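Observations on chain architecture
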Amino acid sequence: MRKLGLGKKGIEHRIKEEAQQLVETFAQANGQPLDPSLPITNSLCNVISLLTFGQRFSPEDEDFQKLVKAFDFVLKLVGTFSHILYELFPWLMEHLTGPHKKALSSVEIASLFAKKEIEKHKEYQTLHDPQDFIDFYLPEMEKTTNDPNSTYNEENLAHCIMEFFATGTETTATTLQWALLLMATHPDIQEKVHKEMEDVFGSSCLTYYQDHKKLPYTKAVIHEIQRSNYVFLCGIPRQTEKDVNMQGFHIPKGTLIVPDLHSVLLDPEQWETPEKFNPNHFLDMDGRFMAREEFLAFGAGDRVCVGEQLARVELFIFFTSLLRAFTFQLPAGVKELSLVPALGITTHPQPYKLCAIPRCST
Ligand code: HEM
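Quick look at the structure, then. (Residues numbered from 1 in each chain as written. Predicted model: local features only at pLDDT ≥ 70, side-chain atom pairs only at ≥ 80, totals over all residues. Heavy atoms only, no water.)

**Side note on the coordination of the iron atom of the ligand**
Just one protein atom donates to the iron atom of the ligand; it is C305 (SG), sitting 2.3 Å from the metal. The topology assignment puts C305 in the loop between α13 (262-265) and α14 (308-325). (Donors = N, O, S within 2.8 Å, 3.2 Å for Na, K, Ca; no water. Helix = DSSP H or I, 4+ residues; strand = E, 2+ residues; numbered from the N terminus.)

**Here we look at the side chain of R227**
Within the secondary structure, R227 sits in helix α12 (residues 216-228). One polar contact links the side chain of R227 to the main-chain carbonyl oxygen of K276, over a distance of 3.2 Å. Residues in contact with R227, not counting those within four places in the same chain, are L265, L266, W271, T273, P274, K276, H281, F282 and F295. (Polar contact = N/O pair within 3.5 Å; in protein donor to acceptor, adjacent residues only side chain to side chain. Contact = heavy atoms within 4.5 Å.)

**Comments concerning the sheet that holds strand β6 (residues 326-329)**
An order of β1-β9-β6 is seen for the three strands of this open sheet, with the pairing classed as antiparallel. Looking along the sheet, the strands with just one partner apiece sit at the ends: β1 (33-34) and β6. By the bridge criterion, two bridges tie β1 to strand β9 (residues 354-358) in an arrangement that is antiparallel. In the sheet register, P33 faces β9, and the bridge partner there is C355. Where helix α9 (residues 170-185) meets the sheet, it contacts β6 and β9, and its direction lies at approximately 80° from that of β6. (Pairing = 2+ DSSP bridges. Axes fitted to C-alpha atoms, helices over the stretch in contact; angles between N-to-C directions.)

**Some words on the state of the cysteines**
The full count for this structure, using the stated rule, is zero disulfides. With no disulfide of its own, C160 has C305 as its nearest cysteine by sulfur position, at a separation of 14 Å. (Disulfide = S-S within 2.5 Å.)

**Considering the environment of L354**
Mapping L354 onto the fold places it in strand β9. Judged by its relative accessible area of 0%, L354 falls in the buried class. Here the alpha-carbon distance between L354 and A184, two residues 170 residues apart in the chain, equals 7.5 Å. (Buried < 20%, exposed > 50% of the residue type's maximum accessible area, 1.4 Å probe, protein only.)

**Regarding the packing of helix α2 (residues 37-53) against α14**
For the pair α2 and α14, interaxial distance at closest approach is 12 Å and the crossing angle is 135°. Considering the angle they form, α2 stands oblique to α14. At the point where α2 passes α14, the crossing takes the right-handed sense. Contact residues: S43, L44, V47, I48 and L51 in α2; L310, E314 and F318 in α14. Here the residues of the contact of α2 with α14 are counted per class, giving six nonpolar, one polar and one charged. (Parallel < 35°, antiparallel > 145°, perpendicular 65-115°, else oblique. Left-handed = near helix turned anticlockwise from the far one by under 90°. Nonpolar A, V, L, I, M, F, W, Y, C, P; charged D, E, K, R; others polar.)

**Overview of the site of the ligand**
Lining the immediate surroundings of the ligand are 26 residues, of which T167, F232, R238, R303 and C305 lie closest. Here an oxygen atom of the ligand sits 2.9 Å away from a polar atom, N or O, in the side chain of R238. At 2.8 Å, a side-chain N or O of R303 approaches an oxygen atom of the ligand. Elements supplying a minimum of two residues to the shell around the ligand: α8 (154-168), α9 and α14. In terms of residue class, the shell around the ligand is made up of 14 nonpolar, eight polar and four charged. (Near = heavy atom within 4 Å.)

**Notes on the environment of V193**
The topology assignment puts V193 in helix α10 (residues 187-201). On the basis of relative accessibility, which here comes to 0%, the residue V193 falls in the buried class. For the pair V193 and A19, spaced 174 residues apart in the sequence, the C-alpha separation amounts to 18 Å. Those residues in contact with V193 that sit more than four places away from it in its chain are Y217, T218, V221, F319 and L323.

**Considering the packing of aromatic side chains**
Tallying each qualifying case throughout the model produces 17 aromatic pairs. Taking 4.9 Å as the distance between ring centres and 85° as the angle between the ring planes, the aromatic pair formed by F133 and F164 counts as edge-to-face. With F133 in helix α7 (residues 133-143) and F164 in helix α8, this residue pair connects regions lying 31 residues apart in the sequence. F133 gets classed as buried once you look at its relative accessible area, which sits at 12%. (Phe/Tyr/Trp six-rings, centres within 6.5 Å; stacked < 30°, edge-to-face > 60°.)

**Some words on the side chain of T218**
Looking at the element boundaries, T218 is found in helix α12. We classify T218 as buried; its relative accessible area is 0%. In contact with T218, other than residues within four places in its own chain, are V193, E196, M197, F319 and T320.

**Structural notes on the pattern of salt bridges**
Considering all chains together, one arrives at 16 salt bridges under this definition. Of the charged contacts in the structure, one is a salt bridge between R56 and E18, with a shortest N-O distance of 2.8 Å. Taken together, the residues span a long stretch of sequence, with R56 in the loop between α2 and α3 (62-77) and E18 in helix α1 (residues 12-27) at a distance of 38 residues. Looking at R56, the relative accessible area reads 33%, which means it is partly exposed. For E18, a relative accessible area of 2% corresponds to the buried category. One salt bridge connects K76 with D72, and the closest N-O pair in it is separated by 3.0 Å. On the criterion of helical spacing, the pair formed by K76 and D72 is a turn pair, its members being four residues apart in helix α3. Residues participating in the shared-partner salt-bridge network are E119, K122 and E154. (Salt bridge = Lys/Arg side-chain N within 4 Å of Asp/Glu carboxyl O.)

In structure tokens, the structure reads:
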């Protein structure tokens with residue numbers, strides 16, 4: 001992941017191209033009400049495609065649409081009654097019909113897509129100029145063919161790719177859906193973000209690595225979107241490798257731990273108005289951005305989210321590109337939109353429509 005330019009400028013210009021495509025898609029609605037969820041998911045799937053396969057796909061590409069829909073189905077099923085039954089009684093559920101069967105065939109679709117791309121890469125292997133995750137992985141696999149303990153193999157590569165799609169699209173897509181909803185329902189905050197960008201940059205281009213520190217208010221708003229409307233119901237389950245004593249509790253080796261990140265992100269002892277969307281949580285008295293230790297949206301420790309840096313760049317570039325291009329408003333006649341999340345493995349907004357009104361300056 002590091003070699004692919006995360007944490008440097010490498011992938012940023014590709015993300016910007018993708019954000020620009022999204023701006024164009026929104027512009028086609030001519031200010032009429034639109035549901036932003038599918039265009040956002042397509043764009044973020046394309047960022048992961050660029051990272052893993054080295055190319056983006058057109059929204060009309062049938063195989064790519066099948067892949068997007070397959071992940072959507074699986075992720076929506078996670079945590080439902082049917083999924084829990086499958087986890088508890090897999091041997092029984094194998095013989096029964098139900099949505100778990102469609103989920104299993106969706107995983108198969110995704111795996112076949114990944115394997116097809118791996119084959120293509122093997123055929124046109126660009127060993128001297130690796131461009132994407134598969135390009136970097138294949139030589140490692142070759143180097144370790146004679147090592148019986150190596151974890152580099154095609155099956156694992158296909159799993160890594162599927163994991164990037166599963167963890168790297170829904171999370172950022174859901175955050176951006178919340179972002180637009182919160183901006184439409186908090187027009188004063190939206191205007192402050194826009195004004196800050198206009199004052200600092202006018203109409204010149206904006207990059208993450210050079211510019212994010214120059215936009216403290218915008219940064220605070222993005223952090224607050226992630227904190228107040230956190231996308232995960234709970235953290236990723238982990239297992240203790242040894243006995244642990246923590247705050248007087250004995251946790252034996254092999255215990256399954258499910259972190260509850262809401263307990264820190266909404267902790268009333270840490271945040272002034274934990275349940276309320278309030279960018280001041282990340283600003284000091286002088287309006288400077290304040291990093292907060294309690295902001296654990298990406299987890300912590302050795303297994304912290306591997307996509308954290310990518311996600312930060314994506315959220316900044318997509319959010320600033322969209323807010324520079326449009327004012328987001330509720331459709332005429334709509335007084336309010338629900339901020340109550342729909343539950344799933346990610347807590348996404350209820351389906352909604354808003355109007356993206358083009359800004360005159362852009
Ligand atoms: C808003 C966006 C995102 C949020 C809030 C988020 C959050 C998290 C969290 C809380 C974890 C578990 C960390 C732990 O157990 O301590 C995690 C793991 C992971 N994330 Fe993210 N993530 C985001 C975006 C991404 C992106 C863009 C990728 C792209 C590659 C990604 C890839 C992963 C992977 C592969 C893991 C599993 C790591 C492991 O098993 O060790 N995430 N993420």
